[in-house]
Amino acid sequence: MLLILVALCVRLVIARAEPILRTRVIETLSTRFKSRVELAGIRVSIINGLEVSGEGLRVYGATDPNPYEPGVQSLLGVQEFRFHTGLRNLFREPMHVETVYVKGLVLNIPPRENRQEMRAMRSRTGKMSIAVDQFVCKEAKLLINTLKPGRPALEFDISDLTLKDIGPHQPFHFDATLVNPKPVGNIQSTGLFGPLLEYNPRNTAVQGQYSFREADLSTLKGIKGILSSTGAYSGTLGRIVVEGKTDTPDFRVAVSGHRVALHTDFHAIVDGTSGDTYLEPVKAAFLHSSFTATGKVIRLIGNVGHDIELNVVLTGARIEDLLQLGVRTDPPVMNGAVEMQTKMSLLPGPDDVANRLQLRGNFHVPDASFANEKLQGRIDDLSLLSRGKPKLAREHLQQDVSSDLRGVFRLRDGVLDFSFLHFQIPGTHADMTGQYTLDGSIFDFHGNLRLDAKLSQMTTGWKSILLKPVDPFFRKNRAGTQVPFKVTGTRSEPHFGLDFHHKAESRNDRSETAPDH
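Procedures and definitions
- Residues numbered from 1 in each chain as written.
- Predicted model: local features only at pLDDT ≥ 70, side-chain atom pairs only at ≥ 80, totals over all residues.
- Heavy atoms only, no water.
- Helix = DSSP H or I, 4+ residues; strand = E, 2+ residues; numbered from the N terminus.
- Buried < 20%, exposed > 50% of the residue type's maximum accessible area, 1.4 Å probe, protein only.
- Areas by Shrake-Rupley, 256 points an atom, 1.4 Å probe, with all protein chains shown as cover.
- Expected span 1.5 Å × (residues − 1).
- Pairing = 2+ DSSP bridges.
- Contact = heavy atoms within 4.5 Å.
- Salt bridge = Lys/Arg side-chain N within 4 Å of Asp/Glu carboxyl O.
- Polar contact = N/O pair within 3.5 Å; in protein donor to acceptor, adjacent residues only side chain to side chain.
- Core = buried A, V, L, I, M, F, W, Y, C linked by side-chain atoms within 4.5 Å.
- Phe/Tyr/Trp six-rings, centres within 6.5 Å; stacked < 30°, edge-to-face > 60°.
- Lys NZ or Arg CZ within 6 Å of the ring centre and 35° of its normal.
- pLDDT = per-residue confidence, 0-100.

### Things to note about the overall build of the chain
From N to C terminus, the chain includes 9 helices and 25 strands. Buried positions account for 44% of the 517 residues belonging to the chain. Accessible area of the chain: about 27500 Å², with a carbon and sulfur share of 56%.

Shown next as structure tokens:
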């Protein structure tokens with residue numbers, strides 16, 4: 001009789017457990033959110049304590065948080081959940097649960113204009129039937145919606161998330177693994193979040209630390225390397241202040257293929273509700289060079305990617321390091337300290353970074369030398385000739401004359417275009433315009449060469465006597481000789497020559513009137 005009585009009690013508990021739990025889950029969430037709640041299914045087992053699992057949990061708001069998606073979207077959705085507790089907790093108020101395991105959590109934040117409804121959904125009074133200490137989530141997703149046409153919801157994929165409730169009206173302690181799409185990698189982060197201000201999530205407090213390991217930059221077409229980054233952040237979801245650093249020991253641009261160790265320290269302001277990032281500043285170092293960049297990374301409408309715009313200043317850099325990083329020629333064609341200011345823009349798209357990168361700025365290399373002995377030898381000979389020392393030039397004396405080089409440039413579609421380029425060595429001044437491609441296939445410059453010596457002073461014997469009558473025709477702009485010239489060929493095999501038949505044309509005008517692509 002006792003066994004029969006126990007069996008009947010067990011059957012009665014099981015029969016009553018599912019509707020009791022279903023009622024309590026819906027009652028708790030309805031009280032918490034002041035909203036309609038749906039629960040597709042729930043299952044109960046008491047073989048080893050009280051084990052509960054369910055699926056299809058949805059919490060709805062007064063309006064659809066994403067009207068651009070078909071159907072009515074819920075504010076909160078859970079694909080599957082389960083928890084375990086003692087059997088006696090079923091009949092307590094509130095029922096205490098240590099850990100709830102969740103899979104497929106989706107939190108759908110409405111557009112800013114519709115968030116006032118969430119204020120009314122906040123819990124003020126009412127009976128909370130279930131108290132939970134910790135949530136462990138798999139495959140979680142946070143969506144922040146907007147009413148702007150063509151702009152999809154800002155989406156955060158979180159592969160693993162653990163939330164611990166510290167107390168009423170207190171922040172959650174979280175331990176999360178976020179999936180970063182580009183470059184591909186996982187971000188580990190721990191910290192405090194909340195309490196969530198549903199009506200204005202931008203002002204929700206957040207702080208923590210992060211670690212980004214083994215990020216493969218090759219997912220960004222045109223560059224390669226394995227990036228690691230660590231840092232800390234604090235602020236609100238709408239203005240997160242991040243202090244961090246990155247290290248990429250094998251960073252390389254595909255167009256050159258040369259590996260360099262790249263290190264950065266950065267201070268950034270991140271809008272967690274839009275994904276926009278403002279860099280203030282980034283300090284980077286590679287090889288023997290360093291530079292500072294400020295700017296922004298803006299998420300574009302249409303989910304096509306981000307537009308990166310930076311102001312870059314180089315004050316402690318070497319021209320050979322820049323060429324090593326961005327040009328295939330090895331060794332670099334030029335050596336020397338360089339100062340540079342440039343505005344950089346990297347547009348989104350499937351093309352290589354080198355083809356999407358746009359630069360506009362100016363530079364100065366005050367004491368340059370050329371690594372190519374043949375080219376440096378021609379520079380040395382030109383300096384001797386332009387100073388009226390033709391005999392020494394014919395002897396090809398090695399002088400290692402330094403060059404002063406400055407210019408205004410624009411990089412677009414992999415072509416570096418100079419609207420102004422000034423070259424100076426002892427005895428010679430050259431002003432030119434021209435362009436070359438980063439792959440080294442085009443090297444085309446035209447300009448005027450001004451020499452201190454007269455034509456007749458740059459040669460000897462009877463040639464010098466014959467040239468004296470024509471000296472006045474080439475004396476211009478206070479120079480002993482001024483002649484048009486050109487430099488063509490490739491960077492490794494440049495060709496110098498006179499250019500009397502080249503039609504003068506302002507490349508600056510062409511660059512300004514060229515259509516945007």
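### Topic: helix α5 (residues 373–386)
Between its first and last C-alpha, α5 extends 20 Å over 14 residues, near the 20 Å set by a 1.5 Å rise per residue. Inspection of α5 places Leu 375, Gln 376, Ile 379, Asp 380, Asp 381, Ser 383, Leu 384 and Ser 386 among the buried residues, and these make up the whole buried set. Among the residues trailing α5, Gly 388 stands out with phi positive, at a value near 80°.

### A few points about the pairing of strand β21 (residues 415–425)
Judged by how many residues are buried, β21 sits mostly within the fold: 8 of 11 residues are covered. The pairing of strand β20 (residues 403–412) with β21 spans 9 bridges and is antiparallel. Counterpart to Arg 406 in the pairing with β21 is His 422. In this structure, the hairpin formed by β20 and β21 is closed by a connection of 2 residues, where Asp 413 is found at a positive phi of approximately 55°. Examined bridge by bridge, β21 and strand β22 (residues 428–437) share 9 bridges and lie antiparallel to one another. Looking across to β22, one finds that Gln 424 is bridged to His 429. Hairpin remark: β21 followed by β22, antiparallel, with 2 residues in the connecting loop; positive phi at Gly 427, about 95°.

### Things to note about unusual backbone geometry
Along the chain, Gly 194 connects to Pro 195 via a cis peptide bond; the corresponding omega equals 0°. On the secondary structure map, Pro 195 appears in the loop between β8 (184–193) and β9 (205–216). In the segment running from Glu 280 into Pro 281, the intervening peptide bond is cis, with an omega of -5°. Considering the arrangement of structural elements, one finds Pro 281 in strand β14 (residues 277–286). One non-glycine residue, Glu 139, lies in the positive phi region at around 60°. Within the fold, Glu 139 resides in strand β5 (residues 130–144). For Leu 287, which is not a glycine, the phi torsion comes out positive at approximately 50°. Along the chain, Leu 287 falls in the loop between β14 and β15 (289–299).

### Description of the environment of Gln 376
Tracing the backbone shows Gln 376 in helix α5. Between the C-alpha atoms of Gln 376 and Asp 400, which are 24 residues apart in sequence, the distance is 6.9 Å. Setting aside anything within four residues of it in sequence, one finds Gln 376 in contact with Ser 369, Phe 370, Asp 400 and Val 401.

### Describing the pattern of salt bridges
Where charged atoms from two side chains of opposite charge come close, those side chains can pair. According to the stated counting rule, one finds 6 salt bridges in the structure shown. Asp 157 is paired through a salt bridge with Lys 141; the nearest N and O atoms lie 4.0 Å apart. Pair noted here: Asp 157 is in strand β6 (residues 154–165) and Lys 141 is in strand β5, with a separation of 16 residues, a long-range link. Residue classification places Asp 157 among the partly exposed positions, given a relative accessible area of 32%. Take Lys 141: its relative accessible area is 29%, and that puts it in the partly exposed class. Note that Glu 320 is salt-bridged to Arg 318, the shortest N-O span being 2.9 Å. The class of Glu 320 is buried, set by a relative accessible area of 16%. Connected through shared salt-bridge partners, Asp 250, Arg 252 and Arg 259 make up one network.

### Comments concerning the side chain of Asn 108
Mapped onto the fold, Asn 108 is located in strand β4 (residues 95–109). Here the side chain of Asn 108 touches Ser 74 through a polar contact of 3.5 Å, landing on its backbone oxygen. Look past the residues within four positions of Asn 108 in its chain and what remains in contact with it is Pro 65, Gln 73, Ser 74, Leu 75, Leu 143 and Asn 145.

### Re the nonpolar core
In terms of nonpolar packing, the biggest core is built from 97 residues, with Phe 251, Met 334, Phe 363, Phe 418, Phe 423 and Phe 445 touching the most fellow members. Looking at which element gives the most residues to this core, the answer is strand β19 (residues 357–370), with 6 residues. Here Phe 251 is in contact with Leu 217, Ile 223, Lys 224, Gly 225, His 258, Arg 259, Val 260, Leu 262 and Leu 325, once residues within four sequence places are set aside.

### So, the packing of aromatic side chains
A full pass over the atoms with the stated rule returns 5 aromatic pairs. Both rings, one in Phe 363 and one in Phe 418, keep their centres 6.0 Å apart while their planes meet at 70°; by these two values the pair is edge-to-face. Of this pair, Phe 363 sits in strand β19 while Phe 418 sits in strand β21, and the two are 55 residues apart along the sequence. Judged by relative accessible area, which is 11%, Phe 363 ranks as buried. Among the residues examined, Phe 418 registers a relative accessible area of 6% and is labelled buried. An aromatic cluster of at least three residues, connected via ring pairs, comprises Phe 363, Phe 409, Phe 418, Tyr 436 and Phe 445. Directly above the ring of Tyr 101 sits Arg 82, whose terminal nitrogen or CZ lies 4.4 Å from the centroid.

### Digging into the confidence of the model for the chain
Per-residue confidence for the chain averages 79 on the pLDDT scale, and 82% of its residues sit at or above 70. Contacts of residues 504–517 to residues separated by more than four positions or lying in other chains number 16 contacts, the stretch itself having pLDDT below 50.

### Brief notes about the environment of Thr 490
Mapped onto the fold, Thr 490 is located in the loop between β24 (481–489) and β25 (494–498). Using a relative accessible area of 26% as the deciding quantity, one classes Thr 490 as partly exposed.

### Remarks on the side chain of Thr 99
Looking at the secondary structure, you find Thr 99 in strand β4. Engagement of the side chain of Thr 99 in a polar contact is seen with the side chain of Gln 134, the distance being 3.3 Å. Discounting residues that sit within four places of it in the chain, Thr 99 has contacts with Arg 82, Phe 83, His 84, Gln 134 and Val 136.

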